[in-house]
Amino acid sequence: MTNEGLAQAQRKMRSAGVAENAIAVFSHYYEQLADGSTGMIPEESISPVDDLPRLEDLPADAVTPSAGARPALGRTVIIKLNGGLGTSMGMQRAKSLLPVREGRTFLDLTVAQVLAARAEQGVDLPLVMMDSFVTSADTMAELSSSPAVRTAGLPLEFVQNQEPKLRADDLTPVDWPAAPELEWCPPGHGDLYTALEGSGMLRRLLDAGYRYAAVSNVDNLGACPSAELAEWFAGTGAPFAMEVCERTRSDRKGGHLAVRKADGRLVLREAAQTAAADKESFADISRHRYFNTNNLWLDLVQLADALASRNGVLGLPLICNRKHVDPTDASSPEVVQLETAMGAAVEVFEGAAAIVVPRSRFLPVKTTNDLLVLRSDVYRVNDDGTLDRVSPATPLVTLDPGHYRLIADFEHHFPHGSPSLRDAGSLTVEGDWIFGPNVIVRGDAVLPPTDEPSRVPASSILDSTTGRPYAHR
């Protein structure tokens, strides 16, 4: 059924108005899947990455424009990935519309960062969102209240593509009349390059005189516009660069950078591309030291040339995700979603670069654990949308997923906002605890399992210095 399955998928995509270049890319990966490709990257095929340049160690002339030269940031566009609904936290709107502090959302803070960089550096610096078919309307409605962020002649968004989920048994497009929207999925953020070209945005940016793009996730408020990084990237002449950070124990499950032995190119290996036998080496942070922050820099001219020479198919490594057509119903048919990671383009471009940046440029919010820290006094949110960490270290927060995973439950358990975490090493909540106002966490605190909802009294201090490391005065 594979040939017929591909034909059915192509017809379905054309009927939905999917761009032809996206259909070509989907077909490329479908054929790989049908041929048995798994996208795995064996440990024996890669080597660890040696030392990389560090932003903090670069000489001044590498991060400042030469006399009379146009600043690289003035030729740069900021692209924010904004395709997710935050469904893992139970959200039904664009995740970027989630309030972070004092009613300001990820989107509000992103806009503030861009406007502040424009004013400080004296550059145009367009902001462009890569939305999805489920986030576009809400995001554009919100941005309509911020007319100053628009750049003349450029739209505020382009929309990533969609593709059919495939039945795992015969690789035909799944049919799910109960909720037809669940028949579709995004192709992963590797679709960035396909959507840039197919939407016409890439050509519009080039025609408007923009040479570089700084790409990052909208929920990573650490990835603010950087004149220094823009200047460094322009100076390398590289087609592509990735910001990386050194891995810690908390990063063992995330993808890492490596060198492919066959040709010496940098590659990105994700957990889904790692065989069970290689999981131990994958998690070895002393061997594979650097992880991808998903803050990327693109030379748009070289990207356009690469797409043209490859007929629109960059050839990023395939990632096969197996799920159920209805993620909430384990009895629904098992499906395969064909995805790619945008950071994997590091292996496509000869001369691709990577640079180690401070951890402050990587502040993603993937769970309510992350959100609690971001809303706490660990960080100070400035008027320009940037964040400063004011605590000695970032505490590790682990909230019971049964009570805190969904945003509505999270808000219910923290009705007065986050407790003070600036002096905390870690906070582990194992039960159903509702926090009163002005709670302070110091050191390593654990709230134990509960048989029924319990309260942490107002002005409590939680620490690990007594036999009852919770709710004591």
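(A) Up close: the packing of helix α2 (residues 20–34) against helix α5 (residues 191–198). For the pair α2 and α5, interaxial distance at closest approach is 8 Å and the crossing angle is 150°. One element, α2, and the other, α5, form an angle in the roughly antiparallel class. Contact with α2, carried on its side by Asn-21, Ala-22 and Val-25, involves Thr-194, Glu-197 and Gly-198 of α5 and no other residues of that element. Looking at the contact of α2 with α5 residue by residue, the class counts come to two nonpolar, three polar and one charged.

(B) Inspection of empty space enclosed by the protein at higher detail. Scanning all chains against the criterion turns up two cavities of 30 Å³ or more. Surrounding the largest cavity, 22 residues form its lining, Val-25, Tyr-29, Pro-187, Thr-194 and Thr-340 being those nearest its centre. Elements that contribute at least two residues to the lining of the largest cavity include exactly α2, α5 and β16 (334–339). In terms of residue count, the dominant contributor to the lining of the largest cavity is α2 (four residues). One number sums up the size of the second largest cavity: a volume of about 60 Å³. Around the second largest cavity, the lining comprises 13 residues; the ones closest to its centre are Ala-214, Val-215, Ser-216, Ala-223 and Arg-361. Taken together, the elements giving at least two residues each to the lining of the second largest cavity come down to β2 (76–82), β10 (212–217) and β14 (290–299). When the residues that make up the lining of the second largest cavity are grouped by side-chain class, the tally is eight nonpolar, two polar and three charged.

(C) Structural context of the sheet that holds strand β23 (residues 440–447). Reading across the sheet, the four strands line up as β20-β21-β23-β25 and stay open at both edges, with parallel pairing between neighbours. The strands lining the two open edges of the sheet, one partner per strand, are β20 (396–399) and β25 (461–462). Bridge analysis of strand β21 (residues 420–429) against β23 gives seven bridges, and the strand direction is parallel. Across the sheet, Leu-427 pairs through a bridge with Ala-445, a residue of β23. Sheet strands touched by helix α10 (residues 368–375): β20 and β21. Its angle to β20, the strand with the most contacts, is close to 130°.

(D) Up close: the sheet that holds β16. Read across the sheet, three strands follow the order β8-β16-β15 without closing on themselves; strand pairing throughout is antiparallel. Looking along the sheet, the strands with just one partner apiece sit at the ends: β8 (166–167) and β15 (319–324). With two bridges connecting them, β8 and β16 associate as antiparallel partners. Within β16, the position partnered with Leu-166 by the bridge is Val-336. This element, α2, spans β8, β15 and β16 of the sheet and lies at about 125° to β16.

(E) Seen up close, the pairing of strand β11 (residues 240–246). Burial within β11 is extensive, with six of its seven residues counted as buried. Bridge count between β11 and β14: seven bridges; the pairing is antiparallel. For Val-244, the partnering residue across the bridge sits in β14 and is Asn-292.

(F) Structural view of α5. Across the eight residues of α5, six count as buried, placing the element largely inside the fold. Asp-191, Leu-192, Tyr-193, Thr-194, Ala-195 and Leu-196 are the residues of α5 that are buried. The first or second residue beyond α5 is Gly-200, which carries a positive phi of 85°.

(G) Looking closely at a negative patch on the surface. A surface patch of like charges, here negative, comprises Glu-120, Glu-228, Asp-383 and Asp-384. Relative to the elements of secondary structure, Glu-120 occurs in helix α3 (residues 106–121).

(H) Structural context of the pattern of salt bridges. On inspection of all chains with the given rule, the structure shows 22 salt bridges. Note that Arg-14 is salt-bridged to Glu-20, the shortest N-O span being 2.9 Å. Exposure remark for Arg-14: the relative accessible area of 44% places this residue in the partly exposed category. Under the relative-accessibility criterion, Glu-20 is labelled partly exposed at 47%. For Glu-43, the salt bridge identified is with Arg-269, shortest N-O distance 2.5 Å. Taken as a pair, Glu-43 in the loop between α2 and β1 (46–47) and Arg-269 in strand β13 (residues 266–269) lie far apart in primary sequence, 226 residues in all. The class for Arg-269 is buried, based on a relative accessible area of 0%. One network of salt bridges, in which partners are shared, links Asp-51, Arg-54, Glu-246 and Arg-289.

Here is what the cut-offs are and how they apply
Per chain, the residues get numbers from 1 upward, laid out in the order the sequence is written. Per-residue local features of the predicted model are confined to residues with pLDDT of at least 70, and side-chain atom pairs are confined, for both listing and counting, to 80 or more; whole-chain, interface and lining totals are unaffected and use all residues. To obtain the side-chain values, all non-hydrogen atoms of the structure were used and water was disregarded. Axis definition: a line fit to C-alpha positions, over the contact stretch in the case of helices; interaxial angles, taken between N-to-C directions, run 0 to 180 degrees. Counting from the N terminus, the helices are DSSP H or I runs at least four residues long and the strands are E runs at least two residues long. Should an angle fall under 35 degrees it is called roughly parallel, over 145 degrees roughly antiparallel, and 65 to 115 degrees roughly perpendicular, with every other angle called oblique. Contacts are assigned to residue pairs with any non-hydrogen atoms lying within 4.5 Å of each other. For this classification, the nonpolar set comprises Ala, Val, Leu, Ile, Met, Phe, Trp, Tyr, Cys and Pro, the charged set comprises Asp, Glu, Lys and Arg, and every other residue, Gly included, is treated as polar. Here a cavity means grid points, on a 1 Å grid over the protein atoms only, where a 1.4 Å probe fits yet cannot get out; a pocket means an open set of points with protein on both sides within 12 Å along at least five of seven lines; lining residues are those with an atom within 4 Å of a point. Grid points are joined across faces, edges and corners, and a volume is the space filled by probe spheres set on the points. In short, DSSP must find at least two bridges between two strands for them to pair. Three labels apply to residues, based on accessible area from a 1.4 Å probe with only protein chains included: buried if under 20% of the type maximum, exposed if over 50%, partly exposed otherwise in between. Residues with no salt bridge and a relative accessible area higher than 30% make up the patches, which join like charges within 9 Å and nonpolar side chains (Val, Leu, Ile, Met, Phe, Trp, Tyr) within 5 Å. Note on areas: these come from Shrake-Rupley sampling with a 1.4 Å probe, and a residue is covered only by the protein chains present in the view. Any carboxyl oxygen of Asp or Glu within 4 Å of a side-chain nitrogen of Lys or Arg constitutes a salt bridge here. Counted charges follow a simple rule, with Lys and Arg positive, Asp and Glu negative, and His plus the chain ends left uncounted. Taken as the charge location is NZ of Lys, CZ of Arg, CG of Asp or CD of Glu.

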